[in-house]
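# Observations on the model geometry
Below, each chain spelled out in residue letters.
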Amino acid sequence: MALSPQPLTASVLALLVLTAGQHASQPASALNVTFLGTGVPIPSPTRFGPSSLVRGANATILIDCGSGVTQRLAALGLTGAQVNALFLTHLHADHVVDIFQLLVTGWGARRDRPLPIYGPVGTRAFLEGQMHAWQPEFDHRIDYAGDARDALALDLNVTEFGNGSIGAFYGLEVTAIEVDHRPLVPAYGFLVQGEGQRVVFSGDTRPTAAITTAAKGADLLVHEVVIPAALPRWPSEAAERIAAWHTRSDEVGKIAHEAGVGCLALNHIAPPNADRGSLLLDVAADYGGPVVVAEDLWTVDVSRGWLTVAGGGVLALGRG
Ligand SMILES: [Zn+2]
Ligand SMILES: [Zn+2]
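Below: a short report on this structure. Keep in mind it's a predicted model, so treat the numbers as computed, not measured.

## Details of the overall build of the protein chain
Of regular secondary structure, the protein chain possesses ten helices and 18 strands. Every one of the 320 residues in the protein chain was classed for burial, and the buried ones make up 54%. Relative to all contacts within the protein chain whose residues are 6 or more apart in sequence, the contacts with residues 24 or more apart total 66%. For the protein chain, the exposed area adds up to about 13100 Å²; of that, 54% sits on carbon and sulfur atoms.

Given below as structure tokens:
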């Protein structure tokens, strides 16, 4: 499904329109971040569950695996078979709910090896339970339509990590940053370095010094955000409790400012229908650099400082 372009004036601050209706060619060694899902557990027709695709010259890695991730990959002409590795920030359902879908459709796309999955302590037991639940389905599919080689794509390859370096993956170095998403422990953000660029993903967290430190001088900070007053349905005390394990719209600009990041992208937007203009105003009170209220299928070319929006428009991000 093609997305309608989102209203740019309300979504992007400090941008200069370069071209519209064209796709920019990518530099040979670009680092790109594509927002596959910018939403939260609240279902949204425009913001799917949290997932970001990071691509380098040789790498295609996923950060989180929220609802709709394979449909968003399909919109880019990709399948689970092309993903090199999956990194999980934490085990809340909105970040992991489509792992089975990613694996089984990767198998359907002729993936010939297990997908390396990196997650916090608890990931292995969680996924073993998931795969056990689906075992009859696997057996049926393999017996009916597959062969032994195909079945490798359905094997688990899980590595659990703690705070610090996870390793190098196809030219990208990934470091886990422990964050404060209590009562859930552990939870992480990631620093991804490669192609001469630094990108930090906050994961789900209340304001955490470790993220600010890791993001010092980063080219791009992808940070979650919540607007408590806009949260639907719940009584105010519950909304406040939920907001308290996230980062409010009047806090995230302070983090970007203190870290001195080149660009801030707001992601994991709660609620997903939050007013974009109000969000930008909240952030602009503290941070004067370029701010993107991320939309599904928008791509930041971190190397060139470009933003490609749904529909093909390309905009230059002023450096903060
Ligand atoms: Zn979440
Ligand atoms: Zn969470």
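## Some thoughts on the coordination of the zinc ion (ligand 1)
The zinc ion (ligand 1) binds to the protein through Asp94 (OD), His95 (NE2), Asp204 (OD) and His268 (NE2); the donor distances cover 2.1 to 2.2 Å. Classification of the site at the zinc ion (ligand 1) rests on its four donor atoms, whose angles at the metal span 88 to 168°, yielding the label irregular. Separation of the zinc ion (ligand 1) from the zinc ion (ligand 2) amounts to 3.5 Å, with Asp204 serving as a shared donor to the pair. Here the residue His95 occupies a position in helix H3 (residues 93–96), and Asp204 occupies one in the loop between strand E12 (197–201) and helix H7 (209–214), the gap between them amounting to 109 residues. A relative accessible area of 1% places His95 in the buried class. Classification of Asp204 as buried rests on a relative accessible area of 2%.

## Remarks on the coordination of the zinc ion (ligand 2)
Those protein atoms acting as donors to the zinc ion (ligand 2) are His90 (NE2), His92 (ND1), His181 (NE2) and Asp204 (OD), and they sit at 2.2 to 2.4 Å. Taken together, the four donor atoms coordinating the zinc ion (ligand 2) and their angles of 90 to 166° define a geometry best described as irregular. When the donor residues of the zinc ion (ligand 2) are listed from N- to C-terminus, their spacing reads H-x1-H-x88-H-x22-D. In this structure His90 comes out as buried when scored by relative accessible area, which is 0%.

## Brief notes about unusual backbone geometry
For the bond running from Val185 to Pro186, omega is 0°, close enough to zero to count as cis. At the junction of Ala270 and Pro271, the peptide bond is cis and its omega measures out at 0° in the coordinates. With respect to the helices and strands, Pro271 occurs in the loop between strand E14 (264–270) and helix H10 (276–284). Here the phi dihedral of His268 falls at roughly 50°; this positive angle occurs in a residue that is not glycine. A relative accessible area of 5% places His268 in the buried class.

## With respect to the packing of aromatic side chains
Under the definition given, this model contains eight aromatic pairs. Centroid distance Phe161 to Phe190: 5.7 Å. Interplanar angle 65°. Geometry classified as edge-to-face. Of this pair, Phe161 sits in the loop between strand E8 (157–160) and strand E9 (164–169) while Phe190 sits in strand E11 (residues 188–194), and the two are 29 residues apart along the sequence. With respect to class, Phe161 is no different from Phe190; both count as buried. Through a chain of ring-to-ring contacts, three or more aromatic side chains come together here, namely Phe87, Tyr118, Phe161, Phe169, Tyr188 and Phe190. One residue, Arg72, lies across the ring of Phe48, its end atom 3.5 Å from the ring centre.

## Quick look at the nonpolar core
Grouped together as the largest cluster of nonpolar side chains are 35 residues, with contacts concentrated most on Val54, Phe87, Ile166, Phe190 and Leu220. When neighbours within four sequence positions are excluded, Val54 is seen to be in contact with Leu31, Asn32, Val33, Ala59, Thr60, Ile61, Ile63, Leu172, Val192 and Phe201.

## Considering the side chain of Ser249
Along the chain, the position of Ser249 falls in helix H9 (residues 249–259). A polar atom in the side chain of Ser249 sits 2.7 Å from the side chain of Asp282.

## Focus on helix H4 (residues 99–108)
Owing to its 3.6 residues per turn, the α-helix brings residues three or four apart onto one side. Counting buried positions over the ten residues of H4 gives seven, a clear majority of the element. Here H4 has its buried residues at Ile99, Phe100, Leu102, Leu103, Val104, Gly106 and Trp107. Positioned one or two residues after H4, Arg110 has a phi angle of 75°, which is positive.

## A few points about the pairing of strand E13 (residues 220–226)
Buried residues dominate E13, accounting for seven of its seven residues. Side chains of E13 alternate between two faces, with Leu220, Val222, Glu224 and Val226 and Leu221, His223 and Val225 buried alike. Pairing analysis gives three bridges linking E12 to E13, with the strands arranged parallel. Pairing of Val199 across the sheet is with Leu220, part of E13.

## Brief notes about the side chain of Arg111
The topology assignment puts Arg111 in the loop between H4 and strand E7 (116–119). Here Arg111 is buried and forms no salt bridge, its nearest opposite-charge partner Asp112 lying at an N-O distance of 6.3 Å. Separated by 2.8 Å, the side chain of Arg111 and the backbone oxygen of Gly80 make a polar contact.

## Quick word on helix H5 (residues 123–145)
Here H5 contains 23 residues, and its C-alpha end-to-end distance of 29 Å is more than 12% below the 33 Å for a straight helix at 1.5 Å per residue. At Trp134, H5 shows its strongest bend, of approximately 55°, with the proline Pro136 following within four residues. Of all the positions in H5, only Thr123, Leu127, Met131 and Phe138 are classed as buried. Buried residues in H5 make contact with H4, E7 and E8.

Cut-offs used in this document
- Residues numbered from 1 in each chain as written.
- Chains lettered and ligands numbered in written order.
- Predicted model: local features only at pLDDT ≥ 70, side-chain atom pairs only at ≥ 80, totals over all residues.
- Heavy atoms only, no water.
- Helix = DSSP H or I, 4+ residues; strand = E, 2+ residues; numbered from the N terminus.
- Buried < 20%, exposed > 50% of the residue type's maximum accessible area, 1.4 Å probe, protein only.
- Contact = heavy atoms within 4.5 Å.
- Areas by Shrake-Rupley, 256 points an atom, 1.4 Å probe, with all protein chains shown as cover.
- Donors = N, O, S within 2.8 Å, 3.2 Å for Na, K, Ca; no water.
- Tetrahedral: all angles 85-135°; square planar, octahedral: opposite > 155°, others 65-115°.
- Phe/Tyr/Trp six-rings, centres within 6.5 Å; stacked < 30°, edge-to-face > 60°.
- Lys NZ or Arg CZ within 6 Å of the ring centre and 35° of its normal.
- Core = buried A, V, L, I, M, F, W, Y, C linked by side-chain atoms within 4.5 Å.
- Polar contact = N/O pair within 3.5 Å; in protein donor to acceptor, adjacent residues only side chain to side chain.
- Pairing = 2+ DSSP bridges.
- Lys, Arg positive; Asp, Glu negative; His and termini not counted.
- Salt bridge = Lys/Arg side-chain N within 4 Å of Asp/Glu carboxyl O.
- Expected span 1.5 Å × (residues − 1).
- Bend = angle between axes of the 7 residues up to and from the residue.

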